[in-house]
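# Structural features, examined
Take a look at the letters that make up each chain.
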Amino acid sequence: MAKLEIHRVPVLRDNYVWLAHEASSNLTAAVDPAVVDPVLAALDAQGWSLTHILNTYHHHDHTGGNLELKEKTGCTIVGSRSDRERIPGIDVELEDGDTYEFGNATAQVFDVSGHTLGHIAYWFEESDSLFCGDTIFAMGCGRVIEGAFDQMLGSLDRLKALPAATQIYCAHEYTQKNGQFALTVEPDNPDLIARMRDVDAKRAQDIATVPSLMEEEWKTNPFFRADSPHLQETIGLTGASLVEVFTETRKRKDGF
Ligand code: FE
């Protein structure tokens, strides 16, 4: 049982790489390292040495630093078995239901396919931390590219069942635009209105809004809220199935 120390590294235009440090074993993982130099600089500044890469899936803005970081540090690369052909340098292959021992910290692994097939998430329960790549964003979710809409909804529902105190470490700062969209489908949601006030204030000062808290997502993320009568009414699908409501909401976001 060990808690992680987690450090945010903003890279590219709007990506976040997360450094997760397990002090009792002196292990440090980079989660979805898009690039190399800013990650190495952040490790240096923290006084941490890279021992692992945890990939959630294969897109280049999540794996672009894999091979060079491995070459420079000898780190072990961990990722999804069903995505193995697309994860550069993968050493350890995980699948749904696995637990991964990161020193004295334990991650539960979920397959959360939808954005892509073989996308996984890592839940470190004792640290209340979820690394979910491009599955959940603050007030949003990943575009459904490779999977099916019902599959993506199933993946989101699974993550949504985690505890209220879970911190969601997603891979992008998309919060403000997501919130602007969320307001188009739930304009009278008071929690959403309040949250957006806070997000707008933070973004005006270039302050990060990630990680976000599960409990906040329950109240404000439209992709967690297909059962909201207000949302259903706004998009003209009162009483429709949750998959229909989710699909219509996701399609509207694609065009937003
Ligand atoms: Fe991404």
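Use the structure listed above.
Conventions we followed
- Residues numbered from 1 in each chain as written.
- Predicted model: local features only at pLDDT ≥ 70, side-chain atom pairs only at ≥ 80, totals over all residues.
- Heavy atoms only, no water.
- Core = buried A, V, L, I, M, F, W, Y, C linked by side-chain atoms within 4.5 Å.
- Buried < 20%, exposed > 50% of the residue type's maximum accessible area, 1.4 Å probe, protein only.
- Helix = DSSP H or I, 4+ residues; strand = E, 2+ residues; numbered from the N terminus.
- Domains from an automatic or database assignment.
- Contact = heavy atoms within 4.5 Å.
- Donors = N, O, S within 2.8 Å, 3.2 Å for Na, K, Ca; no water.
- Tetrahedral: all angles 85-135°; square planar, octahedral: opposite > 155°, others 65-115°.
- Phe/Tyr/Trp six-rings, centres within 6.5 Å; stacked < 30°, edge-to-face > 60°.
- Lys NZ or Arg CZ within 6 Å of the ring centre and 35° of its normal.
- Pairing = 2+ DSSP bridges.
- Axes fitted to C-alpha atoms, helices over the stretch in contact; angles between N-to-C directions.
- Expected span 1.5 Å × (residues − 1).
- Salt bridge = Lys/Arg side-chain N within 4 Å of Asp/Glu carboxyl O.

### Quick look at the nonpolar core
Residues Y122, F124, L130, F131 and L159 are the most contacted members of the largest nonpolar core, which totals 50 residues. Looking at which element gives the most residues to this core, the answer is strand β9 (residues 120–124), with five residues. Each of two domains, domain 1 (5–170) and domain 2 (175–254), supplies a minimum of three residues to this core. Not counting the four nearest positions on each side in its chain, L159 is found in contact with F110, V112, A121, L130, C132, T135, I136 and M214. Core analysis: the second largest hydrophobic core is formed by 19 residues, V9, V35, V39 and I77 among them.

### A closer look at the coordination of the iron ion
Protein coordination at the iron ion: the donors are D61 (OD), H62 (NE2), D134 (OD) and H172 (NE2), at 2.2 to 2.5 Å from the metal. Viewed at the metal, the four donor atoms of the iron ion are separated by angles of 82 to 170°, and the geometry they form is irregular. On the primary sequence, the residues serving as donors to the iron ion are separated as D-H-x71-D-x37-H. One end of the pair, H62, is in helix α2 (residues 60–63); the other, H172, is in the loop between β13 (167–170) and α5 (175–185), and 110 residues separate them in sequence. Taking relative accessible area as the criterion, H172 reaches 3% and is therefore assigned buried.

### Section: the packing of aromatic side chains
Here the structure, examined in full by the defined rule, presents eleven aromatic pairs. Between F124 and F131, the aromatic rings sit 6.0 Å apart at their centres with planes inclined by 85°, giving edge-to-face as the arrangement. As far as burial versus exposure is concerned, F124 and F131 are alike and both buried. Centroid distance F137 to Y174: 4.9 Å. Interplanar angle 70°. Geometry classified as edge-to-face. With F137 in strand β11 (residues 136–137) and Y174 in the loop between β13 and α5, this residue pair connects regions lying 37 residues apart in the sequence. Three or more aromatic residues joined by ring pairs make a cluster, and in this case those are Y16, W18, F102, F124, F131 and Y169. The ring of Y16 carries the charged tip of R8 above its face, separated from the ring centre by 5.7 Å.

### Focus: the sheet that holds strand β4 (residues 52–54)
If you trace the six strands from one edge of the open sheet to the other, you get β1-β2-β3-β4-β5-β6, paired in mixed fashion. Edge positions in the open sheet fall to β1 (5–11) and β6 (92–94), since each of these has one partner strand only. Averaged over all pairs of adjacent strands, the angle between strand axes in this sheet comes to 20°, irrespective of strand direction. Relative to β4, strand β3 (residues 27–31) runs parallel, the two sharing three bridges. Bridge assignment links A30 to a residue of β4, and that residue is I53. Sheet contacts for helix α1 (residues 37–46): β1, β2 (15–22) and β3; angle to β1, the most-contacted strand, approximately 145°.

### A word on helix α9 (residues 242–254)
Compared with an ideal rise of 1.5 Å per residue, which puts 13 residues at 18 Å, α9 spans 18 Å between its outermost C-alpha atoms and is within 8% of the ideal. When α9 is considered as a whole, its buried residues turn out to be V245, F246, T247, T249, R250 and K253.

### Quick notes on the pattern of salt bridges
Counting across every chain of the model gives 17 salt bridges. Between R203 and E173 there is a salt bridge; the shortest N-O distance is 3.8 Å. Here E173 lies in the loop between β13 and α5 and R203 lies in helix α6 (residues 190–204), a separation of 30 residues in the sequence. Of the residues examined, R203 reaches a relative accessible area of 23% and is grouped as partly exposed. By sharing partners, the salt bridges in this structure join R81, R84, E85, E93 and E95 into a single network.

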